[in-house]
Amino acid sequence: MITIVDYGMGNLGSIRNMLKKIGAECEITGDRKRVENATKLILPGVGAFDAGMSRLGGAGLLPVLDELVLNRKIPVLGICLGMQLMTQSSEEGALPGLGWIPAQTVRFAPPPGAGIKVPHMGWNVVHACKTSSLIADAEPEERFYFVHSFHVRCRDREDVLLRANYGGEVDAAFEVANIMGVQFHPEKSHKFGLRLLRNFARAY
């Protein structure tokens, strides 16, 4: 069972529909007891960093998520803001993040005149930095849909799974043991996103 964590910030229905297309059993819930029984997690998110952390804390989900991810080592996939919440902190807010990986979330700061618009919005090609079951059978020019003004910067380069170029190299995905995060929206990325979610559902 893939549990999509509902804390009021994310494209929950779109993610569930994509998982249904690949025949993956899933549920959307923000109930602590139901989340505690998860065997896989998806942490979605759209919006501001502090709002996300506050809502997780207010729902009593922080200790539950830590137990599942850090102690039980169940697979977890963070999407967009969900990926950013896994880091230690964000330039967008003042609250600490989940701190599951050594990384910070930073603001896009293109130099004046560079022609780089913020937010980064639209399709972009990603390039693999290492092998992973999450990106098995990927095409040479995988493209995903991005919408974000902040991005993750991993401290350890070996943690980076995918990179994209947007006014410079951007960490588009990371994988550290059972913890995975993607800055893009697989639920909006057609066949590319469908393949990634299928890999997450079947390979972990």
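Structure report, in brief.

Our focus in this paragraph is helix α1 (residues 12-21). Taken together, the buried positions of α1 are occupied by Leu12, Ile15, Met18 and Leu19. One side of α1 holds all its buried residues, which, seen down the axis, span an arc of 130 degrees. Turned more than 90 degrees away from the buried face of α1 sit Lys20 and Lys21, all of them exposed.

With that settled, consider the environment of alanine 38. Within the secondary structure, alanine 38 sits in the loop between α2 (32-36) and β3 (40-43). For the pair alanine 38 and isoleucine 4, spaced 34 residues apart in the sequence, the C-alpha separation amounts to 9.2 Å. Dropping the residues within four chain positions of it, alanine 38 is found in contact with Thr3, Leu68 and Ile74.

Pairing in this open sheet of nine strands is mixed, and the strands run β2-β1-β3-β4-β12-β11-β10-β7-β8 from one edge to the other. A strand with exactly one partner marks an edge of an open sheet, and here the two such strands are β2 (26-29) and β8 (143-148). Neighbour to neighbour, the strand axes of the sheet diverge by 30 degrees on average, direction disregarded. In the sheet, strand β11 (residues 169-176) pairs with strand β12 (residues 179-182) via four bridges, with the strands oriented antiparallel.

A few words now on the packing of aromatic side chains. Inspection of the entire model under this criterion finds six aromatic pairs. Geometrically, the ring pair formed by phenylalanine 144 and phenylalanine 184 is stacked, given 4.0 Å between the ring centres and 15 degrees between the ring planes. With phenylalanine 144 in strand β8 and phenylalanine 184 in the loop between β12 and α6 (190-203), this residue pair connects regions lying 40 residues apart in the sequence. For phenylalanine 184, a relative accessible area of 0% gives the class buried. Where phenylalanine 146 meets phenylalanine 184, the ring centres are 5.6 Å apart and the plane angle is 75 degrees; that geometry is what we call edge-to-face. Residue phenylalanine 146 is located in strand β8, and its partner phenylalanine 184 is located in the loop between β12 and α6; the two are separated by 38 residues in the primary sequence. Phenylalanine 184 carries the same exposure label as phenylalanine 146, and that label is buried.

Running from amino to carboxyl end, α1 crosses α6 at an angle of 75 degrees, the nearest separation of the two axes being 10 Å. Between α1 and α6, the interaxial angle falls into the category roughly perpendicular. Between α1 and α6, the residues in contact are Met18, Leu19 and Lys21 and His190, Gly193, Leu194 and Leu197, respectively. The class makeup of the residues in the contact of α1 with α6 is four nonpolar, two polar and one charged.

Burial of β12 is two-sided: the residues Ile179 and Gly181 facing one way and the residues Met180 and Val182 facing the other way are all buried. Taken together, the four bridges between strand β4 (residues 76-79) and β12 define a ladder with parallel strand orientation. When the bridges of β12 are listed, leucine 77 appears paired with methionine 180. Between β11 and β12, which pair antiparallel and follow one another directly, the connecting turn spans two residues, one of which, alanine 177, has a positive phi of 55 degrees.

Right, let's get into the pairing of β11. Buried residues dominate β11, accounting for six of its eight residues. Two strands pair when backbone bridges link them, and strand β10 (residues 160-165) and β11 are joined in this way by five bridges, in the antiparallel orientation. Its bridge partner being in β11, leucine 162 is matched across the sheet by alanine 173. Between β10 and β11, which pair antiparallel and follow one another directly, the connecting turn spans three residues, one of which, glycine 167, has a positive phi of 70 degrees.

Here we come to empty space enclosed by the protein. As enumerated under the stated definition, the model contains one cavity of 30 Å³ or more in all. Approximately 30 Å³ is the volume found for the largest cavity. Lining the largest cavity are Leu134, Ile135, Ala136, Ala138, Glu142, Phe144, Phe192, Arg195, Leu196 and Asn199. Looking at the lining of the largest cavity, the element that brings in the most residues is α6, giving four residues.

Each value, and the rule that gives it
The numbers attached to residues start from 1 for each chain and follow its sequence in the written order. Selection of residues for local features in this predicted model requires a pLDDT of at least 70, selection of side-chain atom pairs for listing and counting requires 80 or more, and totals for whole chains, interfaces and linings are taken over all residues. The side-chain numbers reported here are obtained from all heavy atoms of the structure, hydrogens and water having been left aside. Partly exposed describes any residue whose relative accessible area lies between the buried limit of under 20% and the exposed limit of over 50%, with all areas from a 1.4 Å probe on protein chains only and scaled to the type maximum. A helix here means a DSSP run of H or I that spans at least four residues, while a strand means a run of E at least two residues long, and both kinds are numbered starting from the N terminus. When we speak of the arc, we mean the arc of directions from the helix axis to the C-beta atoms. Any two residues having at least one pair of non-hydrogen atoms within 4.5 Å are treated as being in contact. Think of it this way: DSSP has to see at least two bridges between two strands before they count as a pair. Fitted lines through C-alpha atoms give the axes, limited to the stretch in contact for helices. The angle between two N-to-C directions lies from 0 to 180 degrees. Under the pairing criterion, centres of Phe, Tyr and Trp rings, with the six-membered ring standing for Trp, must be within 6.5 Å; the plane angle then separates stacked pairs below 30 degrees from edge-to-face pairs above 60, leaving the rest tilted. Small angles under 35 degrees read as roughly parallel and large ones over 145 as roughly antiparallel, with 65 to 115 read as roughly perpendicular and the rest as oblique. Under the grouping applied here, Gly and all other residues not named as nonpolar or charged are polar, the nonpolar ones being Ala, Val, Leu, Ile, Met, Phe, Trp, Tyr, Cys and Pro and the charged ones Asp, Glu, Lys and Arg. With a 1 Å grid laid over protein atoms only, a set of points is called a cavity when a 1.4 Å probe fits there but cannot get out and a pocket when it is open yet has protein on both sides within 12 Å along at least five of seven lines; lining residues have an atom within 4 Å of a point. Grid points are joined across faces, edges and corners, and a volume is the space filled by probe spheres set on the points.

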